[in-house]
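Here's the letter readout for the chains.
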Amino acid sequence: MKMVMAVIKPFKLDDVREALTSIGIQGLTATEARGFGRQKGQTEIYRGAEYTVNFLPKVKIEVVVDDSQVDGAVEAIQKAANTGRIGDGKIFVLDVGQAVRIRTGETGATAL
Amino acid sequence: MKMVMAVIKPFKLDDVREALTSIGIQGLTATEARGFGRQKGQTEIYRGAEYTVNFLPKVKIEVVVDDSQVDGAVEAIQKAANTGRIGDGKIFVLDVGQAVRIRTGETGATAL
Amino acid sequence: MKMVMAVIKPFKLDDVREALTSIGIQGLTATEARGFGRQKGQTEIYRGAEYTVNFLPKVKIEVVVDDSQVDGAVEAIQKAANTGRIGDGKIFVLDVGQAVRIRTGETGATAL
Amino acid sequence: MSKTLLSLGGAGVLSLAAAPAMAAVDPETAFVFNSFSFLVNGLVVMFMAAGFAMLEAGLVRSKNTATICLKNIALYSIAGLMFYVVGYAVMYTDVDGGFIGSFSFFYNPPAAELALLGADEATPELVKAVTDNGYASQSDWFFQMVFVATAASIVSGTLAERIKLWPFLAFVVVLSALIYPIVGSWEWGGGWLNSDWYIASFGAEFMDFAGSTLVHSTGGWAALAGAIVLGARKGRYGANGEVRPMPGANLPLATLGTFILWFGWFGFNGGSQLALGSALDAAAMAIVFVNTNLAAAGGVVVAMMVTQIRYKKVDLTMALNGAIAGLVSITAGPDLQNHFHSIIIGGIGGAIVVFAVPLMDKFKIDDVVGAISAHLVAGIWGTLAVGIFGGGAILAQLVGILAVGAFVFPVSLLVWFALKSTVGIRADEEAEVMGLDQSELGMEAYPEFGRGSQTM
Amino acid sequence: MSKTLLSLGGAGVLSLAAAPAMAAVDPETAFVFNSFSFLVNGLVVMFMAAGFAMLEAGLVRSKNTATICLKNIALYSIAGLMFYVVGYAVMYTDVDGGFIGSFSFFYNPPAAELALLGADEATPELVKAVTDNGYASQSDWFFQMVFVATAASIVSGTLAERIKLWPFLAFVVVLSALIYPIVGSWEWGGGWLNSDWYIASFGAEFMDFAGSTLVHSTGGWAALAGAIVLGARKGRYGANGEVRPMPGANLPLATLGTFILWFGWFGFNGGSQLALGSALDAAAMAIVFVNTNLAAAGGVVVAMMVTQIRYKKVDLTMALNGAIAGLVSITAGPDLQNHFHSIIIGGIGGAIVVFAVPLMDKFKIDDVVGAISAHLVAGIWGTLAVGIFGGGAILAQLVGILAVGAFVFPVSLLVWFALKSTVGIRADEEAEVMGLDQSELGMEAYPEFGRGSQTM
Amino acid sequence: MSKTLLSLGGAGVLSLAAAPAMAAVDPETAFVFNSFSFLVNGLVVMFMAAGFAMLEAGLVRSKNTATICLKNIALYSIAGLMFYVVGYAVMYTDVDGGFIGSFSFFYNPPAAELALLGADEATPELVKAVTDNGYASQSDWFFQMVFVATAASIVSGTLAERIKLWPFLAFVVVLSALIYPIVGSWEWGGGWLNSDWYIASFGAEFMDFAGSTLVHSTGGWAALAGAIVLGARKGRYGANGEVRPMPGANLPLATLGTFILWFGWFGFNGGSQLALGSALDAAAMAIVFVNTNLAAAGGVVVAMMVTQIRYKKVDLTMALNGAIAGLVSITAGPDLQNHFHSIIIGGIGGAIVVFAVPLMDKFKIDDVVGAISAHLVAGIWGTLAVGIFGGGAILAQLVGILAVGAFVFPVSLLVWFALKSTVGIRADEEAEVMGLDQSELGMEAYPEFGRGSQTM
Ligand SMILES: Nc1ncnc2c1ncn2[C@@H]1O[C@H](COP(=O)(O)OP(=O)(O)O)[C@@H](O)[C@H]1O
Ligand SMILES: Nc1ncnc2c1ncn2[C@@H]1O[C@H](COP(=O)(O)OP(=O)(O)O)[C@@H](O)[C@H]1O
Ligand SMILES: Nc1ncnc2c1ncn2[C@@H]1O[C@H](COP(=O)(O)OP(=O)(O)O)[C@@H](O)[C@H]1O
């Protein structure tokens, strides 16, 4: 099993979820995150003083999939989250040794 | 070392923390998360229009443990977070190559 | 590639970001987190009743780097986040199998 | 009923006329009462600006909250300035049964008052020259001024989350300088809705005690026109006709806003008695207070019951709208003498809003806070109710309602189109997605909460 | 002291009686003053509904915030409706030294006022028929009405976060239609607490100027009964007797609510002078204002000092409760003539609340906002203080306090039990964990903050 | 112009004197009007305490929000207590053209009022003894009291987020017991700024209708002194002179606060007419209301335009400050007779604040809410404007402004230094980083939002 972890633009979350569902992935976990990267934060002004917001709002998605689904998941995310503009985010793939469904205690791919 | 990452129902956080402490684990990191899965979100109504909340509140726990503690940790979490109802969450185990305590610079299992 | 994941004190975020930038790392993702560990939470009082806040505010940083940069990144974070006081946090290193830049589809180290 | 220049209200007229005969409240005392009533009631209405601001700030999403706050304080400011510069004169001077007043600019205190203020001694002659007016002229200006902002606030709520700041304020200029004053002149300025010709033609004068039509429907028509020209918020209506809720970010603030509006409405309706200097006026004002409260209460309770039955849950925002719809409904006739009727009128208002809000969505009219439902639709109902419950003639009410709509709606459409085709009125798509607070203000309402930039 | 029907207050009576003799304020002018005072002060009290709503919305957790907002606007609405339908009559008509008024429904304006309003000319006879009453009848209704809601608000604060919406509102119906009006009739309606028999038996009439006992303790007893029947919030008290705090989600809102209540209290106490039409009344009202302010200030400062000493930190919510306790404490006797006493009375009220709040927790009485401590306990103290500081007799005060408790507490218990055993009063466990906003409203107070569904 | 003891204001004096001659408003009626005006207007001013609290609570970061709420309710309480204990006497008794009043403690109702209140019958003699004063003495106390808190609120806003609670409150004690009353005595107490000598020396008396200088600049000077002694918030100014914004956590709350202040200002300025018992006073009060509103509106619009031009975006917090600056600017002369001038005066005030705020940052004077700019700088401007627009003499205005600064600033510096070198005034570094809510209160303003401890 692998964990596909993606950092995306927040307004793409629903598209990504639908893309993953459409290839048969049934669950994922999302987290609010802040990203720092090539995309430059906007400049705000507050009471006459300027400041730059370095960390931009992102959503982090973690989805654990069977090895066979990894490429499909990565591709689905990459397509759905793509706007072609800087700051679209990254996808990382990590190895998962074990998975357990808390409700039933099932393990391995059936736990997903 | 392994990272045990669990997605649980928020109101189970204290139970899980206690279960882990009771088997000698001294630290963990928790994050607010949103889960999408088999558990269906509730339907809300706002000014005459219905909508479904797809992403449900979850808490994500990350705890890095020595290899010898992995099974105990997984079991402790699974038991403490279990309600038997859909949406109880998942536990994933990932490999950790190295651990460092920032305060002291200690590395490896002693850093945990 | 490796993912360096660090849990730090929130007010150290900017220092850590600058430290990483200064060694050539161009991106990172941060998340609000809560930490439980040796550092004891402060006691608050509300309407005559005391209670302890167990989970302390932390920031979790995830930065994926080329294998060659791992040690530098760990060291940079450890130095920048260090206050010498309990609760400074941890750094963990995990293996990353693949990385993709969503915007371009580039993979591997060039995606970072 | 003419609201200021022709008389001190139907009731006021009698009492002032009768005063000398019965040697009761002396003219100077009555003058102080009348003026103080304008000031106190006007002040209470002024606070409604805060109520609208909070209601709207609570019902928009957090990324547009700072902008709606700014719009509200700006529109209240601009409305006041324009009403001084030209609005009051257009509304109240030299209407003479016609369609518009005069364009004399800058409404300043009259000579008689300045003479008294500047005199070494307050001689009886100087005092009489002042008290003959019945009330301090600027106290009346103040009271009438606060009504203008109300009309403008209605518009801001409907068009929130997508309209650009400055073009919106440009519309407010026109609304407060011309549109509202012209409509107001027809009735309260002693214009045609109030003329012998009108009474002869439609069986009675048009009755609108405190402005269900003149204020609330006027604002509502202008908002409706704006909503049509501006279009709905991006993503609000799905391709298959589904409605995607965009929940308000801060409901306690919306609740506070509603309570403030309710509070302010006592000034709105009570002060519209326009006099306090006699037992009759005091008794009438008290009756107005009671009806105002009961109608709002009826609106809340009915809106709650209808949402409970229809949706199996109670919708707080509908209960809030119910209060406002109840208040708007009673505004045309808060002087009715059986309080039970006010409960019915307000209750029907509360029911109306629960049905009107989803109806607007059917027509893809995106009204962020439900202002069209609560102010325009309930305002029409309330104005008709005066005819139904014996305070006027239904035909006369209907004609007045239609006349106001026939003027305000197309003129507003025109102004909106003019703005759209010149400076543009709609924030560009990215600005809308990121929120107007970022594009227009570069500032966040809640930087440390939710997605705020200061959470890390 | 009878609050309306028997007289215009002790003070009012003198001034009106004396008026003809000294040819001072003429009766119609006095009528206007008295009526306007009822309206303005009543309006100020009305705003307390917003104050309670904000205080409670700030002190509950965010998952119950929308519900508490709804309860507050609903209870204010219902209280007003019930007081019109039956409450006012029960409280103020035909009490005659007894225990309850009459059940005449729908309190509408009297014939004399309608005659004047409908007449072509305000003849002296018509005016006199109206002014003989001393004040516009509906202005008095309005002023008395706003007090009812206060009693109900107290209950809502205590029982927040676990009581079901509709059963709660059913209790409000009973409270505002019967329980409060009956208690009120005993004293302000001219009932037995105010009778010759009472004075003969206990050395003085029962003194409760603006309702430390009649309003605040009544609400407090009803809340206490509810808290006992309802039980504490899940998880609030641990097995080993430890108290688990459930911090309020929005303390600035709670602060705002307290300021609004403080503001409203000037109307509450000041308006309870019940007249303004003479120098005596004006002077008395001013004294009431000053005492009201100093007592609240004393409550704040003492509560701060006590928490600083006891807990080494200052508790904002206790300071807010201290203000309210100070205000409740002075409400029975805000007419005392040495202002220093009001500081002492309010200060003791502030200290009481700091000790009473944890005490309630000892008894596992879960009072979310501290209303029992601030309204019931401080209300008892304030009523006794009138006896101590020379405004009445201690025994007479004590008997009145006990009588009110002996009636309100068991009757409320009964009503709560009846509701519990029929429709049920407590939200089910899952609803409580998820928050009432989800189960009762299907709506969130802050969808974009914290755990709100719109944060992603 | 002496604000109470010497006369009822320039205007009031005339009307009262003239009253008998024209048999107009009888003295007792005038007494009631005057007293009621003090009470109602004072009540409206009292609410400004809530306005300051919300404005400041909205403009600090969430980790300091509960503390600023506490400071605001505490300072209002303390100011009221101190003004009763000693402040009023220092300000208003036995000033006689001098520099300070008397130290008679505990300001209680006068004997004449107590005699009337205690009498069996309100005899003409008893009434006359009371009405001769022109107004109920305690109504005046109440009105003057609410001004003290305003001065203290200004200080709290500037010094937020880093000053320790109790030392701050100690300063409030000195400010409200001595500094403000002494300054007030110079003018409103009939002191030297108001003396024949002053008029002879500088061409006119010092004119400050409602306190641009006496209240707002006094608060501003005290705040400036505090800001200097206390230093800037940690991290606010970078080593290279860059300014690091620390955005306020809740801008709708700041907006609400501004609206409440605007609302309250009508009482502040309108009530400062100090009388209502004549046509002249009523007309004058109405003029004051209108000017107050227009100046604030001008301040908002100009501040918006200037920020739009200068920064390409509109700054909501500057618009809010613009309203306040407009209000402060008109406070010295809201009785001017051409309303257009008030727009100019307020508009300049609005511009001033947009430039003054970043200027303060240049000097590393860290003023969290912009109070020094809006109250001190605009207060100076407004006081000068009275001279410019013909309500006084520029020189006389200047001397008064300088005199107040020359007294308040060094004395405040002294008090701040004394506090600093004894108990210390600054929270320690860790407390500042973690927020004062944790160190001083052990309590969070928003425990479930942002970094609140209850989010998990
Ligand atoms: N090395 C990295 N490790 C972890 N997250 C990263 C890394 N680089 C970028 N990110 C995340 O990806 C987001 C987008 O990266 P950015 O460089 O702005 O644009 P792009 O994805 O188009 O290259 C960043 O905001 C950050 O959240
Ligand atoms: N494949 C997955 N990868 C990551 N997280 C998952 C995955 N599937 C489920 N989750 C997380 O687990 C939670 C519970 O899953 P769900 O399918 O609703 O119920 P259950 O755990 O009982 O099977 C989800 O809300 C989500 O946060
Ligand atoms: N085993 C662990 N797994 C994951 N996170 C941990 C673990 N132990 C500690 N942490 C994180 O590190 C933070 C600091 O740990 P703590 O024990 O308080 O101090 P220190 O880092 O100085 O040893 C904790 O708050 C928690 O977020």
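See the structure printed just above.
All of these numbers come straight from a predicted model, not from anything done at the bench.

Q: Give a description of the overall build of chain A that names residues and reports values.
A: Each helix and strand in chain A was counted, giving two helices and six strands. Reading chain A from its N terminus to its C terminus gives the helix and strand order β-α-β-β-β-β-α-β. Rg of the C-alpha trace for chain A: 17 Å, well past the compact-globule value of 13 Å for 112 residues, more than 25% over. C-alpha atoms of chain A, sized along the principal axes, occupy 60 × 30 × 20 Å. With 112 residues in all, chain A has 59% of them scored as buried. Across chain A, every contact between residues at least 6 apart in sequence was considered, and the portion connecting residues at least 24 apart equals 72%. Accessible surface, chain A as shown: approximately 4100 Å² in total, 48% of it carbon and sulfur. Taking the average location of the 15 positive side-chain charges in chain A and that of its 14 negative ones, the two points are 6 Å from each other.

Q: Pulling in residues and values, what's your account of the overall build of chain D?
A: Within chain D one finds 18 helices and zero strands. Viewed in the frame of its principal axes, chain D has a C-alpha envelope of about 70 × 45 × 40 Å. For chain D, with 456 residues in total, the buried portion stands at 73%. Long-range contacts, defined here as pairs at least 24 residues apart, represent 78% of the contacts in chain D between residues at least 6 apart. Summed over all atoms, the accessible surface of chain D reaches about 11500 Å², with 67% contributed by carbon and sulfur. Side-chain charges of chain D comprise 19 positive and 31 negative groups, with the mean position of each set lying 21 Å from the other.

Q: Let's hear about the relation of the copies chain D and chain E: which residues, and what values?
A: For the match of chain D to chain E, the screw axis carries a shift of 0.0 Å, the RMSD comes to 0.0 Å, and the turn is 120°. This pairing of chains is accounted for by a three-fold axis. Considering only C-alpha atoms, the part of chain D nearest the rotation axis is D:Phe449, at 3.4 Å. Residue by residue, only 15% of the interface of chain D is reproduced at the interface of chain E, so the copies engage with different surfaces.

Q: Quick rundown of the nonpolar core? Include the residues and the values.
A: Counting residues in hydrophobic clusters, the biggest one holds 508 residues, and the most contacted among them are D:Phe142, D:Trp416, E:Trp262, E:Trp416, F:Trp262 and F:Trp416. One finds B:Leu112, C:Met1, C:Val64 and C:Ala99 within the second-largest nonpolar core, a separate group that totals 29 residues.

Q: Lay out the interface of chain E and chain C in plain terms, naming residues and giving numbers.
A: On the chain C side, the residues contacting the 16 residues of chain E number seven residues. Both sides together, the interface formed by chain E and chain C hides about 1000 Å², and carbon and sulfur atoms give 60% of it. Inspection of the chain E/chain C interface yields zero salt bridges. Among the elements of the structure, α13 (316–331) and α14 (339–362) of chain E are those that each provide at least two residues to the side of chain E that touches chain C. When residues of the side of chain E that touches chain C are assigned to their parent elements, the largest contribution, three residues, is made by α13(E). Classifying every residue of the side of chain E that touches chain C by side-chain character gives 10 nonpolar, four polar and two charged.

Q: With reference to specific residues and values, describe a nonpolar patch on the surface.
A: Together, D:Phe99, D:Ile100, D:Phe103, D:Phe105, D:Phe106, D:Leu178, F:Phe340, F:Ile344 and F:Ile348 give the surface a local cluster of nonpolar side chains, amounting to about 770 Å² of exposed area. When residues in the nonpolar patch are grouped by element, the largest group, three residues, is from helix α14 (residues 339–362) of chain F. Here D:Phe105 lies in the loop between α4 (65–92) and α5 (111–118).

Q: Describe the pairing of strand β2 (residues 28–36) of chain A, naming the residues involved and giving the relevant values.
A: In terms of residue burial, β2(A) counts as a mostly covered element, since eight of its nine residues are buried. The sheet contact formed by β2(A) and strand β2 (residues 28–36) of chain B spans three bridges and is antiparallel. Counterpart to A:Ala30 in the pairing with β2(B) is B:Arg34. Summarising the sheet, β2(A) and strand β5 (residues 56–65) of chain A pair through seven bridges and their orientation is antiparallel. Bridge assignment links A:Ala33 to a residue of β5(A), and that residue is A:Lys58.

Q: For the interface of chain D and chain E, give the residues involved together with the corresponding values.
A: Think of interface size as the accessible area that goes away when the parts come together; that is how it is often given. Listed per partner, the contact involves 67 residues of chain D and 73 residues of chain E. Taken over both partners, the interface formed by chain D and chain E buries close to 5700 Å², and the fraction arising from carbon and sulfur atoms is 80%. Considering only the surface of chain D that becomes buried against chain E, D:Pro252, D:Phe259 and D:Phe263 emerge as the three largest contributors, covering 11% of it. Joining chain D to chain E, the criterion identifies zero salt bridges. Across the chain D-chain E interface, the total number found is 13 residue pairs in polar contact (both at pLDDT 80 or more). Of all the secondary structure elements, the ones that give two or more residues to the side of chain D that touches chain E are α1 (9–22), α2 (27–46), α11 (251–270), α12 (279–311), α13 (316–331) and α14 (339–362) of chain D.

Q: If you had to explain the pattern of salt bridges to someone new, which residues and values would you point to?
A: Applying the stated rule across the entire model yields 58 salt bridges over all chains. A salt bridge links D:Arg451 to A:Glu32; its shortest N-O distance comes to 3.5 Å. Here D:Arg451, found in the segment after α18 (436–441), pairs with A:Glu32, found in strand β2, and the two come from separate chains. Owing to a relative accessible area of 21%, A:Glu32 belongs among the partly exposed residues under this scheme. Here E:Glu430 makes a salt bridge to B:Arg85, at a shortest N to O gap of 3.7 Å. Separated into two different chains, E:Glu430 in helix α17 (residues 429–434) and B:Arg85 in the loop between α2 (70–81) and β6 (90–101) make up a pair that spans both. The exposure class of E:Glu430 is partly exposed, given its relative accessible area of 48%. Here the residues in one salt-bridge network are D:Arg61, D:Glu161, D:Arg233, D:Arg236, D:Asp361 and D:Asp366, joined through shared partners.

Q: Quick one: what's the story with the site of ligand 3, residue by residue and with numbers?
A: Taken together, 21 residues form the shell around ligand 3, and within it B:Thr29, B:Val64, B:Arg101, B:Arg103 and C:Arg38 come nearest. The environment around ligand 3 is built from residues contributed by chains B and C. The contact in question runs from a nitrogen atom of ligand 3 to an N or O atom on the backbone of B:Gly27, over 3.3 Å. For the shell around ligand 3, the secondary-structure elements that each account for two or more residues are β2 and β5 (56–65) of chain B together with β2 (28–36) and β6 (90–101) of chain C. For the shell around ligand 3, the element with the most residues is β5(B), which contributes three residues.

Q: An account of unusual backbone geometry is needed here, citing residue identities and associated values.
A: Positive phi is not limited to glycine here, since D:Leu274 has a value of about 70°. By the secondary structure assignment, D:Leu274 is in the loop between α11 and α12. One non-glycine residue, E:Lys312, lies in the positive phi region at around 70°. Looking at the secondary structure, you find E:Lys312 in the loop between α12 (279–311) and α13.

Q: Can you explain the packing of aromatic side chains? Please cite residues and give values.
A: On inspection of all chains with the given rule, the structure shows 111 aromatic pairs over all chains. Each ring, one from E:Phe83 and one from E:Tyr88, has its centre 5.7 Å from the other, and the planes form 85°; the classification is edge-to-face. Accessibility assignment for this pair places E:Phe83 and E:Tyr88 in one class, buried. Between E:Trp186 and E:Phe407 the ring centres are 5.3 Å apart and the planes differ by 55°, which places this aromatic pair in the tilted class. Taken as a pair, E:Trp186 in helix α8 (residues 165–187) and E:Phe407 in helix α16 (residues 394–421) lie far apart in primary sequence, 221 residues in all. Each member of the pair, E:Trp186 together with E:Phe407, is buried. A network of ring pairs unites the aromatic residues D:Phe38, D:Tyr135, D:Phe143, D:Phe147, D:Trp188, D:Trp265 and D:Phe268 as a single cluster. Positioned above the aromatic ring of D:Phe168 is the side chain of D:Lys71, whose terminal nitrogen or guanidinium carbon lies 5.9 Å from the ring centre.

Definitions and cut-offs
Residues numbered from 1 in each chain as written. Chains lettered and ligands numbered in written order. Predicted model: local features only at pLDDT ≥ 70, side-chain atom pairs only at ≥ 80, totals over all residues. Heavy atoms only, no water. Helix = DSSP H or I, 4+ residues; strand = E, 2+ residues; numbered from the N terminus. Rg over C-alpha atoms; globule rule 2.2 N^0.38 Å. Buried < 20%, exposed > 50% of the residue type's maximum accessible area, 1.4 Å probe, protein only. Contact = heavy atoms within 4.5 Å. Areas by Shrake-Rupley, 256 points an atom, 1.4 Å probe, with all protein chains shown as cover. Lys, Arg positive; Asp, Glu negative; His and termini not counted. Charge placed at Lys NZ, Arg CZ, Asp CG, Glu CD. Least-squares fit on C-alpha atoms with pLDDT ≥ 70 in both. Core = buried A, V, L, I, M, F, W, Y, C linked by side-chain atoms within 4.5 Å. Buried area = accessible area lost by both parts, 1.4 Å probe. Salt bridge = Lys/Arg side-chain N within 4 Å of Asp/Glu carboxyl O. Nonpolar A, V, L, I, M, F, W, Y, C, P; charged D, E, K, R; others polar. Patch = residues over 30% accessible without salt bridge, like charges linked within 9 Å, V, L, I, M, F, W, Y side chains within 5 Å. Pairing = 2+ DSSP bridges. Polar contact = N/O pair within 3.5 Å; in protein donor to acceptor, adjacent residues only side chain to side chain. Near = heavy atom within 4 Å. Phe/Tyr/Trp six-rings, centres within 6.5 Å; stacked < 30°, edge-to-face > 60°. Lys NZ or Arg CZ within 6 Å of the ring centre and 35° of its normal.

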